[in-house]
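What follows is each chain in one-letter form.
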Amino acid sequence: MSSPAISGGTSLFTGFTRLCKGLAVVLVGGHIILQILPSSVDYLALIPARTIPFAWNLITAGYVEQSVHQVIISAIGLLFIGKLLEPIWGSREFLKFIFVVNFLTSLCVFVTAISLYYITMQENYLYMPISGFHGVLSGFLVGIKQIIPDQELSLLKIKAKWLPSLSVLLSIVVSFFTEEPAKYLPTLIFGTYMSWIYLRYLQKNPETKHRGDPSDEFAFSTFFPEFLRPVIDPIASIFHRMLCGRTATSDEARGYTLGGAPLPGSHPVEASRRRERGARALEERLAADLLATGGKEEELKKDAVENV
């Protein structure tokens, strides 16, 4: 009669999606390959000096973990965060997010490594094997910030909207006390930024057929404390015009505005509704987990009474 109690106590560890389970297997399998064939790191990890002939490592590097603790953290983070994001975004969009963020992050890391080599003339930036899923994990935190920004995390006593910023800040602080921070720090920073670029400007809303999240609550300055935003906003506006100036003009030309008023989906209100739907989906999932746990506890009590 102990099995119901075990299953009730492990309800937190259920409900993982098939896609996330499959990707977790890929991460574990990639680590096993490196352990069996250590030389495969030269072909799977991102080594800037070899990226030109081995361009596929811009994709494979994100799915190869070089240490046991990294693959454990990545697999657990993928399963638990994916359980929240995938039902809201959909499996196809969730997989697309992972692929795009991973590729853009690897591309930025490659350019950064080449730049650091020319600045410092240190060859270790060219031959350092860089890999890991932590860039996408940091991108998941941006997704949480977008969907449930005001959800308070009971353990940390902070709102979800600060998770990406705290992750980057903590990584920068830790980098001062670790060797070769270039192996992970650029990946974390670019993973956070590229995921925001994707969600802000590129992600397609299947309901409205428009792209991005133009709401003020998801602006780049919201990653920083409020007293810094007057300084960040002017700088961010420059990159905003560079990234979507033409897109905004073309949207107006195609009729995304009518009489000066944005059509449904292109207004920040639609983004707020999207976040509300995400918050409701989270509440429904939590309620379902609580009901499942309560139901199993009732079954356990009934079994105990019958045995008596």
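Calculation notes
- Residues numbered from 1 in each chain as written.
- Predicted model: local features only at pLDDT ≥ 70, side-chain atom pairs only at ≥ 80, totals over all residues.
- Heavy atoms only, no water.
- Helix = DSSP H or I, 4+ residues; strand = E, 2+ residues; numbered from the N terminus.
- Buried < 20%, exposed > 50% of the residue type's maximum accessible area, 1.4 Å probe, protein only.
- Areas by Shrake-Rupley, 256 points an atom, 1.4 Å probe, with all protein chains shown as cover.
- Phe/Tyr/Trp six-rings, centres within 6.5 Å; stacked < 30°, edge-to-face > 60°.
- Salt bridge = Lys/Arg side-chain N within 4 Å of Asp/Glu carboxyl O.
- Expected span 1.5 Å × (residues − 1).
- Arc of directions from axis to C-beta.
- Contact = heavy atoms within 4.5 Å.
- Core = buried A, V, L, I, M, F, W, Y, C linked by side-chain atoms within 4.5 Å.
- Axes fitted to C-alpha atoms, helices over the stretch in contact; angles between N-to-C directions.
- Parallel < 35°, antiparallel > 145°, perpendicular 65-115°, else oblique.
- Left-handed = near helix turned anticlockwise from the far one by under 90°.
- Patch = residues over 30% accessible without salt bridge, like charges linked within 9 Å, V, L, I, M, F, W, Y side chains within 5 Å.
- Nonpolar A, V, L, I, M, F, W, Y, C, P; charged D, E, K, R; others polar.
- pLDDT = per-residue confidence, 0-100.

With that settled, consider the overall build of the chain. The number of helices and strands found in the chain is 12 helices and four strands. A buried classification covers 40% of the 308 residues belonging to the chain. Surface accessibility of the chain: about 17500 Å² in total, with carbon and sulfur atoms responsible for 66%.

If you walk through the whole model with that rule in mind, you get 17 aromatic pairs. Look at Y43 and F54: their rings are 5.4 Å apart centre to centre, the planes differ by 50°, and that puts the pair in the tilted class. Placement of the pair is Y43 in helix α3 (residues 41–44) and F54 in the loop between α3 and α4 (57–60), with a sequence separation of 11 residues. We classify Y43 as partly exposed; its relative accessible area is 43%.

Time to look at the pattern of salt bridges. Throughout the structure, instances matching the rule amount to two salt bridges. Close ionic contact of D42 with R50 constitutes a salt bridge, the shortest N to O distance being 3.5 Å. Residue classification places D42 among the partly exposed positions, given a relative accessible area of 25%. Between K183 and E180 there is a salt bridge, and its shortest N-O distance comes to 3.3 Å. According to the relative accessible area criterion, E180 is partly exposed, its value standing at 41%.

All right, on to helix α2 (residues 18–36) then. Residues lying three or four places apart along an α-helix face the same way, a consequence of the helix completing one turn every 3.6 residues. Its 19 residues place the ends of α2 27 Å apart at the C-alpha level, agreeing with the 27 Å of an ideal helix rising 1.5 Å per residue. Listing the buried residues of α2 in full gives C20, L23, A24, L27, G30, H31 and L34. Axial view of α2: buried residues confined to an arc of 115°, hence all on one face. Looking at α2, the residues exposed on the side facing more than 90 degrees away from the buried face are R18, V25 and I36. Those residues of α2 that are buried lie in contact with α3, α5 (68–89) and α6 (91–120).

Judged by nonpolar contacts, the single largest core of 39 residues is most densely connected at L78, I98, F133, F140 and I144. Within the residue set of this core, elements represented by two or more residues are α2, α5, α6, α8 (134–147) and α10 (185–202). Considering each element in turn, this core owes the most residues, eight residues, to α5. Ignoring any residue separated from it by four or fewer positions in sequence, one finds I98 in contact with L23, Y63, F133, V136 and F140. Core analysis: the second largest hydrophobic core is formed by 11 residues, A61, F110, Y125 and L126 among them.

Before going further, it helps to examine the packing of α5 against α6. The contact between α5 and α6 brings their axes to 7 Å, and the two run at 125°. When the interaxial angle is binned, α5 and α6 end up oblique. Where α5 crosses over α6, the two elements pack in a sense that is right-handed. Here L78, G82, L85, E86 and W89 of α5 come into contact with α6, specifically with S91, E93, F94 and F97.

Turning to unusual backbone geometry, a few remarks are in order. As a rule of thumb, non-glycine residues mostly have phi less than zero, and peptide bonds are mostly trans rather than cis. The backbone of M121 shows a phi angle near 60°, a positive value even though the residue is not glycine. One non-glycine residue with positive phi stands out, namely E180, at about 50°. Residue placement: E180 occurs in the loop between α9 (163–175) and α10.

This part covers the side chain of R200. Here R200 shows up in helix α10. For R200, the residues in contact, after removing those within four places along its chain, are G212, D213, P214, S215, F218 and A219.

What follows is about a nonpolar patch on the surface. A cluster of nonpolar side chains, namely L166, L169, I172, V173, F176, F177 and I189, defines an oily patch on the protein surface of about 710 Å² accessible area. The dominant element in the nonpolar patch, judged by the number of residues it contributes, is α9, at four residues. Considering the arrangement of structural elements, one finds I189 in helix α10.

A pair of packed helices is characterised by two quantities: the angle between their axes and the separation of those axes. Viewed as axis vectors pointing N to C, α9 and α10 meet at an angle of 165°, and their least axial separation amounts to 10 Å. Of the possible angle classes, the one that applies to α9 and α10 is roughly antiparallel. For α9 against α10, the interelement crossing comes out left-handed. Facing P164, V168, S171, I172 and S175 of α9, the residues of α10 in contact are L185, L188, I189 and T192. Here the contact of α9 with α10 is composed, by residue class, of six nonpolar, three polar and no charged.

So, on to α6. Over its 30 residues, α6 extends 43 Å from the first C-alpha to the last, a length consistent with the 44 Å expected when each residue adds 1.5 Å. At the C-terminal side of α6, M121 shows a positive phi close to 60°.

Our next topic: the confidence of the model for the chain. Averaged over every residue, the pLDDT of the chain is 81; residues scoring 70 or more account for 73%. Counting interchain partners and residues more than four positions distant, the pLDDT-below-50 stretch residues 1–10 has eight contacts. Every residue in residues 246–267 scores below 50 in pLDDT, and together they form 19 contacts with partners more than four places removed in sequence or on other chains.

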